[in-house]
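Each chain is listed here by its residues.
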Amino acid sequence: MEKKQHIAIYTTASLPWMTGTAVNPLFRAAYLAKHAGRKVTLVIPWLSLNDQELVYPDKITFSSASEHEAYVRHWLEERTGFACGFDIRFYPGKFALDARSIFPVGDITEIIPDEEADVAVLEEPEHLTWFHHGKRWKTKFRLVVGVVHTNYLEYIRREKNGMQANILKHVNNWVVSIYCHKVIRLSGATQELPRSVICNVHGVNPKFLEIGKKKKEELENGDPAFTKGAYYIGKMVWNKGYRELLKLLKDHQKDLAGLEVDLYGKGEDSEEVKAASLKLDLAVRVHPGRDHADPLFHDYKVFLNPSTTDVVCTTTAEALAMGKIVVCANHSSNEFFKQFPNCLIYNDGIGFVTATRKALADQPAPLTDEQRHELSWEAATDRFLRVAGLEDPNTIDEATSKAPTRNFASISFNIQRKLEDVSAFAHYAGTGVELLRRVLGAIPGSIHANEEQRRELGSASTSGKQRLKSL
């Protein structure tokens, strides 16, 4: 009997933190596990209680990893409608308040035993390997595939300075080259990295496609499907599209006279966004954040999204899945959406005005079955398996790690591999020095898990059937 292909998906966040790196890898694990012949394990961070209180919303906390796992499985199964066919394991993590990010603690490759190590998927490979001090990923696993979610360089440029962004660019190239055989960039809005391809391997929550089906039926029956105008939803911080949207509305108030826009979100810039909206002559209303699947949003016809900091905007995909018209910027992050007739692209302020007016005047074109499928996680999973070279569960495309047969090419390949080995050793040595780690931004004391984390994880069930290997 042939051994099943085992895909271990490591990510940098977990529910109930509703961030992309918590949600999308979770759906990826669920739909990969539906493909026959594969074993899938999702590896997510475990936070101590103090960090949970900083990260998780609505005062949700977990006393054990098994309790956390039960929450994650319940959330997912409510949305997919099928039982989770994958394992969940936890690695110790710490939350960095200044970076608003979770970082691994210790050598997280150990979470997967050597005898199970096969394929590793690193969701945010640069983030997971900046301070990695442990076994080399490409030595532990036969194939390591990185999936790049975040445009870190753009955030650094906007919030700090160009010099830091340039340094980070080289660091990202370095660690990804050392630790990944292949890299999938969700869009051209991400940094170019070694051995990378561009492909959107994300889908939408099935609930949004169901909403879209109902709206299509209403349109076909002649019923009023969309009775509300324009809105935007997103974390309420200036660099998530609010700055661009309010500037467009301010600069073109006369051209957009009579336009009403509802903004939904919560975040550290909420009060400033509200104050700026009150200065406009247009009716721009600011509301608390809500789940995008909430019935409150079903009847909106137009989703305005001028953001250019996203890699692939999840809310844009969700709006299209619900059958709405989307107005968004001509930007590499929106390239995937251009194939849908309900996506209206603009190049400048005048184009924004034209597209918005058109969207409000027209009825959305009903999604075809093919378009609906393209937005689904089924299609996203097929795209992922294709570009990762994993379509056949019994084989792995190892072209990136096999030596060429021709003598000259073989010599060149061996030199390249030796240089990479030296580079990997330099990274390992550097990340083992606590002082240097702190200077570079690592969380103090994150080389190894502390006693509290060992105790919390050592007593927790990791898959509902087994206990976590002691760290």
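Scoring rules and cut-offs
- Residues numbered from 1 in each chain as written.
- Predicted model: local features only at pLDDT ≥ 70, side-chain atom pairs only at ≥ 80, totals over all residues.
- Heavy atoms only, no water.
- Buried < 20%, exposed > 50% of the residue type's maximum accessible area, 1.4 Å probe, protein only.
- Helix = DSSP H or I, 4+ residues; strand = E, 2+ residues; numbered from the N terminus.
- Pairing = 2+ DSSP bridges.
- Right-handed = clockwise from strand over helix to strand, strands pointing away.
- Core = buried A, V, L, I, M, F, W, Y, C linked by side-chain atoms within 4.5 Å.
- Contact = heavy atoms within 4.5 Å.
- Phe/Tyr/Trp six-rings, centres within 6.5 Å; stacked < 30°, edge-to-face > 60°.
- Axes fitted to C-alpha atoms, helices over the stretch in contact; angles between N-to-C directions.
- Parallel < 35°, antiparallel > 145°, perpendicular 65-115°, else oblique.
- Left-handed = near helix turned anticlockwise from the far one by under 90°.
- Nonpolar A, V, L, I, M, F, W, Y, C, P; charged D, E, K, R; others polar.
- Patch = residues over 30% accessible without salt bridge, like charges linked within 9 Å, V, L, I, M, F, W, Y side chains within 5 Å.
- Areas by Shrake-Rupley, 256 points an atom, 1.4 Å probe, with all protein chains shown as cover.
- Salt bridge = Lys/Arg side-chain N within 4 Å of Asp/Glu carboxyl O.
- Polar contact = N/O pair within 3.5 Å; in protein donor to acceptor, adjacent residues only side chain to side chain.

## Remarks on the pairing of strand β13 (residues 325-329)
For β13, a buried count of five out of five residues is recorded, marking the element as mostly surrounded by other parts of the structure. What you see with β13 is no split at all: Ile-325, Val-327 and Ala-329 on one side and Val-326 and Cys-328 on the other are buried throughout. Of the strand pairs in this sheet, strand β12 (residues 300-305) and β13 are connected by four bridges, and their pairing is parallel. Along β13, the bridge assignment pairs Phe-303 with Val-326. With helix α11 (residues 314-321) bridging β12 and its parallel neighbour β13, the resulting β-α-β unit is right-handed.

## Some details on the nonpolar core
Core analysis: the largest hydrophobic core is formed by 103 residues, its most contacted members being Phe-86, Leu-249, Leu-263, Leu-375 and Phe-384. If one sorts the elements of this core by residue count, helix α1 (residues 20-34) sits on top with nine residues. Here Leu-263 is in contact with Tyr-232, Met-236, Tyr-242, Leu-245, Leu-246, Val-273, Val-284, Arg-285, Val-286 and His-287, once residues within four sequence places are set aside. Counting residues in each nonpolar core, the second largest holds 34 residues, with Val-43, Ile-108, Leu-168 and Cys-180 among its members.

## Describing the packing of aromatic side chains
A full pass over the atoms with the stated rule returns 25 aromatic pairs. Ring centres of Phe-62 and Tyr-71 lie 5.4 Å apart, and the angle between their planes is 65°; this geometry places the pair in the edge-to-face category. The buried category is assigned to Phe-62, whose relative accessible area is 6%. Note on Tyr-71: relative accessible area 27%, which makes it partly exposed. Judged by centre distance (5.3 Å) and plane angle (75°), the ring pair of Tyr-346 and Phe-352 falls under edge-to-face.

## Let's talk about the sheet that holds strand β7 (residues 182-185)
Here eight strands make up an open sheet; going across it, the order is β4-β3-β2-β1-β5-β6-β7-β8 and the pairing mixed. Edge strands, defined here as strands with exactly one partner in the open sheet, are β4 (101-104) and β8 (196-198). Each adjacent strand pair in this sheet contributes to an overall mean axis angle of 30°, direction not counted. Direction of pairing for strand β2 (residues 38-46) relative to strand β3 (residues 87-96): parallel, over a ladder of six bridges. When the sheet's bridge partners are listed, Leu-42 is paired in β3 with Ile-88. Along the sheet, α1 contacts β1 (5-10), β2, β5 (119-123) and β6 (143-148); its crossing angle with β2, the most-contacted strand, is approximately 160°.

## As for the packing of α1 against helix α3 (residues 65-80)
At a closest axis distance of 11 Å, the pairing of α1 and α3 adopts a crossing angle of 70°. Considering their axes alone, α1 and α3 lie roughly perpendicular with respect to each other. As for how α1 packs across α3, the hand of that crossing is right-handed. Facing α1, whose interface residues are Val-23, Leu-26, Phe-27, Ala-30 and Tyr-31, α3 presents Val-72, Trp-75, Leu-76, Arg-79 and Thr-80.

## Some words on the packing of α1 against helix α14 (residues 377-388)
In the contact formed by α1 and α14, the axes pass within 10 Å of each other and the chain directions differ by 80°. Taken together, the axes of α1 and α14 lie roughly perpendicular to each other. The residues of α14 that touch α1, namely those facing Asn-24, Phe-27, Arg-28, Tyr-31, Leu-32 and Lys-34, are Trp-377, Glu-378, Thr-381, Phe-384 and Leu-385. The residue makeup of the contact of α1 with α14, split by class, is six nonpolar, two polar and three charged.

## A word on a nonpolar patch on the surface
Judged by side-chain polarity, Val-433, Leu-435, Leu-436, Val-439 and Leu-440 come together as a nonpolar surface patch covering roughly 500 Å² of accessible area. Looking at the secondary structure, you find Val-433 in the loop between α15 (407-431) and α16 (434-440).

## Quick look at the side chain of Thr-356
By secondary structure assignment, the location of Thr-356 is in helix α12 (residues 349-361). Accessibility expressed as a relative area gives 0% for Thr-356, which makes it buried. Within polar-contact distance, the side chain of Thr-356 engages the backbone oxygen of Phe-352 at 2.8 Å. The residues touching Thr-356, leaving out its near neighbours within four places in the chain, are Leu-256, Leu-259, Leu-304 and Val-327.

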